[in-house]
Amino acid sequence: MFPSKFFLVALSSLALIGSVSAFHGDATFFAPGLGACGDQNTANDLVVALNAPQYGNGENCRRNIRVTFQGRSVVAKVEDKCPVCVTGAIDLSPAAFNQLADPSVGRIQVDWDFI
């Protein structure tokens, strides 16, 4: 009986690992100021504007996300909403974008998740 219980626990653990949500989409950069979350930020702050669907009614304000691109990553705090971004897309501060790619690129495909 013990092996079957162990097997069920192992399967349950795998199901939990598989349920971790991650997002993929375009990342661009913007000039931060007074964000939709109500805080003032600058181009030097590591902040992000979430797309409108994932920003929702502000329930994700001040949450941190990890953004990855070609082996590089940056942690940024949700401080604004990007009304023109589609689901999965984000708008990074220049400081955050700079840690992932040269700003002359303008737009990159990233993976990100809440942490």
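Coordinates for the structure precede this section.
Residues numbered from 1 in each chain as written. Predicted model: local features only at pLDDT ≥ 70, side-chain atom pairs only at ≥ 80, totals over all residues. Heavy atoms only, no water.

Colleague: Whenever I open this one, the overall build of the chain confuses me. Can you help?
Modeller: Each helix and strand counted, the chain has 3 helices and 6 strands in total. Starting at the N terminus and ending at the C terminus, the chain contains elements arranged as α-β-β-α-β-β-β-α-β. The proportion of buried residues among the 115 residues of the chain is 38%. Across the chain, every contact between residues at least 6 apart in sequence was considered, and the portion connecting residues at least 24 apart equals 76%. (Helix = DSSP H or I, 4+ residues; strand = E, 2+ residues; numbered from the N terminus. Buried < 20%, exposed > 50% of the residue type's maximum accessible area, 1.4 Å probe, protein only. Contact = heavy atoms within 4.5 Å.)

Colleague: It is not clear to me how the state of the cysteines should be interpreted in this structure. Could you clarify?
Modeller: One way to say it: the disulfide is the covalent bond shared by the sulfur atoms of two cysteines. Taken as a whole and judged by the stated rule, the model has 2 disulfides. Residue pairing for Cys37: its cysteine sulfur links by disulfide to Cys61, the two sulfurs lying 2.1 Å apart. Because the torsion about its S-S bond is -90°, the bridge between Cys37 and Cys61 counts as left-handed. Placement of the pair is Cys37 in the loop between strand S1 (23-29) and strand S2 (47-51) and Cys61 in the loop between helix H2 (52-55) and strand S3 (64-69), with a sequence separation of 24 residues. Take Cys37 and Cys61: they sit in the same class, and that class is buried. Paired by a disulfide, Cys82 and Cys85 hold their sulfur atoms 2.1 Å apart. Measuring handedness by torsion sign, the sulfur bridge of Cys82 and Cys85 sits at about 70° and is right-handed. (Disulfide = S-S within 2.5 Å.)

Colleague: What should I look at first to understand the sheet that holds strand S4 (residues 72-82) in this one?
Modeller: Two orientations exist for strands paired in a sheet by backbone hydrogen bonds: parallel and antiparallel. An order of S1-S5-S2-S4-S3-S6 is seen for the 6 strands of this closed barrel, with the pairing classed as mixed. Strand after strand, the sheet turns through a mean of 45° between neighbouring axes, direction not considered. Bridge analysis of S3 against S4 gives 6 bridges, and the strand direction is antiparallel. For Arg66, the partnering residue across the bridge sits in S4 and is Val75. (Pairing = 2+ DSSP bridges. Axes fitted to C-alpha atoms, helices over the stretch in contact; angles between N-to-C directions.)

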